[in-house]
Amino acid sequence: MSLLNNVKIIDLTRFVAGPHCTLVLSDLGAEVIKIEKPVKGDDLRIIGPKLLNTSLWAAVLNRGKKSVSLDLKTKIGREIFLKLIQEADVLVENFRPGVMEKLELGWKTIKKINSKIVMARISGYGQNNTVVARQAFDATIQAETGFMEISGKEKSPTMIGTVLLDYTTGLNTAVGILAALNKRNITGKGDLIETSLVSSALSLSMGAVPDYFLNKSNFGKHGNSDRFSAPSNTYKAKNGFIHIMAGSDDRFYGLTLAMNKKNLINNSLYKTPQARIKNQFKIDRIVENWTKNNTITYLGKVLSANSVPWGKVKTFSEFLRTKTAQNYLIQAKIKNRNIKVPECAIRSQSKKSVIKTLIPSLGQNNSDVLRKLGYPKSKLAIFKKKNIF
């Protein structure tokens with residue numbers, strides 16, 4: 001039996017944060033019915049490289065879900081949606097704050113229809129922020145929360161190379177949903193869960209919040225070096241780059257053995273973690289003078305022998321060709337074509353038999369889902385003519 005056996009989720013989300021949340025829950029065994037606008041569907045369907053007219057990014061995030069196209073602004077569309085809500089365990093949405101209320105589908109309405117449902121709401125700035133109710137994307141929140149000013153080395157703002165805040169918010173939402181379902185199993189009552197990209201950004205800021213209010217310290221750019229320990233940086237090797245983490249005393253000792261420079265241990269400039277941070281540039285030069293004269297194979301071997309964490313800097317393509325990456329990839333299907341996608345990042349013995357591989361086309365499950373709600377075939381044809389789905 002899967003971990004989320006018999007859990008039904010109605011997914012009103014678009015783009016990344018919400019779809020990632022429901023993908024995780026789907027992979028853990030929940031039945032996810034994704035509601036999309038007719039004709040166009042989720043906006044993510046048109047973004048990026050495609051196969052058989054299907055966006056690969058949308059394919060990754062929609063794998064294993066059921067797709068129902070539905071116009072919630074029509075009387076019949078609303079009726080169908082409310083029937084789905086009556087038998088659902090979870091509703092997830094990421095419209096701008098106020099949109100669900102305009103559709104008369106806010107929390108007050110939803111909980112009257114189904115008192116046991118868990119409703120999860122994702123936004124950029126939070127549901128109660130009356131100043132900022134505009135549409136938000138990962139990049140715009142990176143800009144506004146200072147993340148573009150803590151990434152990279154240059155003076156100009158630098159965006160993180162992936163939509164980290166979207167994915168983090170999706171995971172936060174999934175955790176909130178699971179907690180609310182646990183509470184419901186005890187009390188019999190549903191709950192409202194709210195997450196935002198801004199709160200996710202704050203949750204990733206390490207100790208920067210108290211450090212600012214106590215010491216007025218700015219959480220700024222730091223390149224690839226560790227903010228709090230040294231030597232921990234990316235160094236040039238004879239045939240590429242290597243990242244070494246040797247900031248703690250025991251790992252620094254291991255590094256000195258690997259470099260054959262044990263005399264550094266008793267040098268007052270490097271004897272303590274505080275001293276090494278203060279003299280970070282000096283110790284980094286010493287390390288790089290060693291790494292640049294050796295191959296990554298040799299460096300990795302001698303560092304591992306002395307219990308010093310290290311990693312070869314690879315391109316993403318190089319990483320995908322490794323056995324490590326292959327161990328976490330699965331086959332999925334777009335129509336009759338196989339593609340490789342990441343598997344669920346959470347492995348459980350209970351879910352080995354529920355790996356979901358099919359990627360739905362827009363509205364692929366309209367007939368099946370609506371028939372289960374009691375709508376006859378004749379009605380479905382009428383709904384299609386009226387562009388309800």
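Presented here is a report on the structure given in the accompanying data block. If you're wondering where the values come from, they're calculated on a predicted model, not measured in any experiment. (Residues numbered from 1 in each chain as written. Predicted model: local features only at pLDDT ≥ 70, side-chain atom pairs only at ≥ 80, totals over all residues. Heavy atoms only, no water.)

Take the overall build of the protein chain next. Looking only at helices and strands, the protein chain features 17 helices and 13 strands. For the protein chain, with 389 residues in total, the buried portion stands at 45%. Pairs at least 24 residues apart make up 68% of the contacts formed inside the protein chain by residues separated by at least 6 positions. Accessible area of the protein chain: about 21,100 Å², with a carbon and sulfur share of 55%. Between the centroid of the 61 positive side chains of the protein chain and the centroid of its 29 negative side chains there is a distance of 4 Å. (Helix = DSSP H or I, 4+ residues; strand = E, 2+ residues; numbered from the N terminus. Buried < 20%, exposed > 50% of the residue type's maximum accessible area, 1.4 Å probe, protein only. Contact = heavy atoms within 4.5 Å. Areas by Shrake-Rupley, 256 points an atom, 1.4 Å probe, with all protein chains shown as cover. Lys, Arg positive; Asp, Glu negative; His and termini not counted. Charge placed at Lys NZ, Arg CZ, Asp CG, Glu CD.)

Attention now goes to the layout of surface pockets. Estimates place the volume of the largest pocket at around 910 Å³. Lining of the largest pocket is provided by 26 residues; of these, Val-60, Tyr-167, Phe-316, Pro-342 and Glu-343 occupy positions nearest its centre. Broken down by element, the residue count for the lining of the largest pocket peaks at four residues, all from helix H1 (residues 17-27). Residue composition of the lining of the largest pocket, by class: 19 nonpolar, three polar and four charged. Computed from the structure, the second largest pocket encloses a volume of approximately 540 Å³. (1 Å grid on protein atoms, 1.4 Å probe; cavity = no way out; pocket = protein on both sides within 12 Å on 5 of 7 lines; lining within 4 Å. Points joined across faces, edges and corners; volume = space filled by probe spheres on them. Nonpolar A, V, L, I, M, F, W, Y, C, P; charged D, E, K, R; others polar.)

Right, let's talk about unusual backbone geometry for a bit. Of note, the amide linkage connecting Ala-230 to Pro-231 takes the cis form, showing an omega dihedral of 0 degrees. Checked against the element boundaries, Pro-231 lands in the loop between helix H9 (208-215) and strand S9 (232-237). Here the phi dihedral of Glu-104 falls at roughly 60 degrees; this positive angle occurs in a residue that is not glycine.

Turning our attention to the sheet that holds strand S7 (residues 118-123). In spatial order, the strands read S5-S2-S1-S6-S7-S8; together these six strands make up an open sheet with parallel pairing. Lying at the two open borders of the sheet, with one neighbouring strand each, are strand S5 (66-69) and strand S8 (191-196). When the angles between neighbouring strand axes are averaged without regard to direction, this sheet yields 20 degrees. Pairing of strand S2 (residues 31-36) with S5, which is carried by four bridges, proceeds in the parallel orientation. Among the inter-strand pairings, Ile-35 is bridged to a residue of S5, identified as Val-68. In this fold helix H3 (residues 75-86) packs onto strand S1 (8-11), S2 and strand S6 (90-93), with an angle of close to 150 degrees to the strand it touches most, S1. (Pairing = 2+ DSSP bridges. Axes fitted to C-alpha atoms, helices over the stretch in contact; angles between N-to-C directions.)

Time to look at the sheet that holds strand S10 (residues 240-245). Reading across from one edge, S9-S10-S11 is the order of the three strands in this open sheet, with antiparallel pairing throughout. Lying at the two open borders of the sheet, with one neighbouring strand each, are S9 and strand S11 (310-312). Strand-to-strand, the axes of this sheet are offset by a mean angle of 20 degrees, without reference to chain direction. As defined by bridge partners, S9 adjoins S10 across six bridges and the pair is classed as antiparallel. From the neighbouring strand, Ala-237 faces S10, where its bridge partner is Gly-240.

This part covers the side chain of Gln-142. Counting through the fold element by element, Gln-142 comes out in helix H6 (residues 138-144). Excluding anything up to four places from it in sequence, Gln-142 contacts Phe-147, Met-148, Met-159, Ile-160, Thr-162 and Leu-165.

Moving on, we get to empty space enclosed by the protein. One way to see where empty space is left: roll a probe the size of a water molecule over the atoms. On inspection of all chains with the given rule, the structure shows two cavities of 30 Å³ or more. Lining the largest cavity are 18 residues, and of these Asn-94, Ser-123, Gly-124, Ala-136 and Leu-197 sit closest to its centre. For the lining of the largest cavity, the per-class residue count stands at nine nonpolar, four polar and five charged.

The end-to-end C-alpha distance of helix H12 (residues 280-291) is 16 Å, a good match for the 16 Å that 12 residues give at a rise of 1.5 Å each. Inspection of H12 places Gln-280, Ile-283, Asp-284, Val-287, Trp-290 and Thr-291 among the buried residues, and these make up the whole buried set. In an axial view of H12, the angular spread of the buried residues amounts to 120 degrees, which keeps them on one side of the axis. Seen from the open side of H12, the exposed residues pointing more than 90 degrees away from its buried face are Phe-281 and Arg-285. Buried residues along H12 sit in contact with S9, S10, helix H10 (249-259), helix H11 (273-278) and helix H13 (296-305). (Expected span 1.5 Å × (residues − 1). Arc of directions from axis to C-beta.)

Counted by the stated rule, this structure contains 15 salt bridges. A salt bridge links Glu-101 to Arg-121; the nearest nitrogen and oxygen atoms lie 2.9 Å apart. Placement of Glu-101 in helix H4 (residues 99-102) and of Arg-121 in strand S7 is noted, with a sequence separation of 20 residues between them. Owing to a relative accessible area of 39%, Glu-101 belongs among the partly exposed residues under this scheme. On the basis of relative accessibility, which here comes to 5%, the residue Arg-121 falls in the buried class. (Salt bridge = Lys/Arg side-chain N within 4 Å of Asp/Glu carboxyl O.)

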